[in-house]
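Spelled out, the chains give:
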Amino acid sequence: MFTGIIEEVGTIREVRKGSFSCQLVIKAEQVLGDVKLGDSIAVNGVCLTVIDFDRDQFVADVMFETLKKTTLGYLRSGEKVNLERALRLSDRLGGHIVLGHVDGVGRIKEQTKVDISVVTRISASPDILRYVIPRGSIAVDGISLTVVEVWPDSFSVSLIPHTAEKTTLGFKKPGDYVNLEADIIGRYVERLSCSGDRSSKDGSVDIDFLREHGFAT
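About the thresholds
Residues numbered from 1 in each chain as written. Predicted model: local features only at pLDDT ≥ 70, side-chain atom pairs only at ≥ 80, totals over all residues. Heavy atoms only, no water. Phe/Tyr/Trp six-rings, centres within 6.5 Å; stacked < 30°, edge-to-face > 60°. Helix = DSSP H or I, 4+ residues; strand = E, 2+ residues; numbered from the N terminus. Buried < 20%, exposed > 50% of the residue type's maximum accessible area, 1.4 Å probe, protein only. Salt bridge = Lys/Arg side-chain N within 4 Å of Asp/Glu carboxyl O. Pairing = 2+ DSSP bridges. Axes fitted to C-alpha atoms, helices over the stretch in contact; angles between N-to-C directions. Core = buried A, V, L, I, M, F, W, Y, C linked by side-chain atoms within 4.5 Å. Polar contact = N/O pair within 3.5 Å; in protein donor to acceptor, adjacent residues only side chain to side chain.

Peer 1: For this particular structure, what's the right way to read the packing of aromatic side chains?
Peer 2: Note on aromatic pairs: each is described by the distance of the centres and the angle between the planes. Taken as a whole, this structure holds 1 aromatic pair when the rule is applied. A centroid spacing of 6.2 Å and a plane angle of 85° characterise the contact between Phe20 and Phe64, whose relative ring orientation is edge-to-face. Of this pair, Phe20 sits in the loop between strand 1 (8-17) and strand 2 (22-27) while Phe64 sits in helix 1 (residues 64-69), placing them 44 residues apart in sequence. Judged by its relative accessible area of 61%, Phe20 falls in the exposed class.

And the structure:
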């Protein structure tokens, strides 16, 4: 589990390609401070497991399913990536709950400078947009961001100078692809509202359902 607050930007040193998988060798500093074999590190929002490391790099396997559903398969040597270690229970939750399980890939449609910020519009599939709401949270390449507006085919976020400077979104351009993870709370709400025999056929919740789950008396 992660917070979407990027700790540092690392660099891809090597991509070791297999038949249906690959290994990423990633140059890093801060995230290696207390790293152990088997630790989780989010790379552009994708939760990966450390299988080897030394003082200035770590290695992670990327399986076929991950390559298929994320942008990691497009990475090349020299590219920059957002890095974040897994959340500790004693940490402040500065962003929102991010699992590192990417829902899909979006594409930057346009970027508009508004005072000190850059408003970025990103296309997304209906399966992702159903969980995206104005002023809600979404992870873009692992970065916890607040949604500004939502359209039938896209949504927008606003990047403050700090985010642009400290993450890869600062040099992404229209046409670039990004990993997207919708807020997990929206998924649970949908699941609960549509589950069980007490919910109506159209997915709404009746008073009996609320009583059964302790929300009404």
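Peer 1: Could you clarify how one ought to interpret the pattern of salt bridges in this entry?
Peer 2: Should the charged atoms of two oppositely charged side chains come close, the side chains can pair. Inspection of the entire model under this criterion finds 12 salt bridges. Look at the salt bridges and you will find they share partners, linking Glu7, Asp34 and Arg85 into a network.

Peer 1: Just to check I follow, could you spell out the sheet that holds strand 1 for this structure?
Peer 2: Across a sheet, strands are paired by hydrogen bonds formed along the backbone, either parallel or antiparallel in direction. With respect to topology, 6 strands assemble into a closed barrel ordered 1-2-5-4-3-6, the strand pairing being antiparallel. The average undirected angle you get between the axes of adjacent strands in this sheet is 45°. As paired elements, strand 1 and strand 2 share 6 bridges and run antiparallel to each other. Opposite Lys17, over in strand 2, you have Cys22 as the bridge partner.

Peer 1: Help me out: how do you make sense of the nonpolar core in this one?
Peer 2: A general tendency of soluble globular proteins is for nonpolar side chains to be buried together. With 21 residues, the main nonpolar core has Leu24, Ile26, Val43, Leu48, Phe58, Leu72 and Leu83 as its most contacted residues. Elements with a contribution of two residues or more to this core: strand 2, strand 3 (40-43), strand 4 (46-54), strand 5 (57-62) and strand 6 (80-85).

Peer 1: Help me understand the environment of Lys80, please; the structure alone is not making it clear to me.
Peer 2: Locating Lys80 in the fold gives a position in strand 6. Under the relative-accessibility criterion, Lys80 is labelled partly exposed at 40%. Along the sequence, Lys80 and Val9 sit 71 residues apart, while their C-alpha atoms lie 6.3 Å from each other. Separated by 2.9 Å, the side chains of Lys80 and Thr11 make a polar contact.

Peer 1: Could you clarify how one ought to interpret the pairing of strand 6 in this entry?
Peer 2: Here is the key point about a regular strand: its side chains alternate between the two faces of the sheet. Sheet topology note: the strand 1/strand 6 ladder contains 4 bridges and is antiparallel. Along strand 6, the bridge assignment pairs Thr11 with Lys80.

Distances and angles like these do not, on their own, reveal function.
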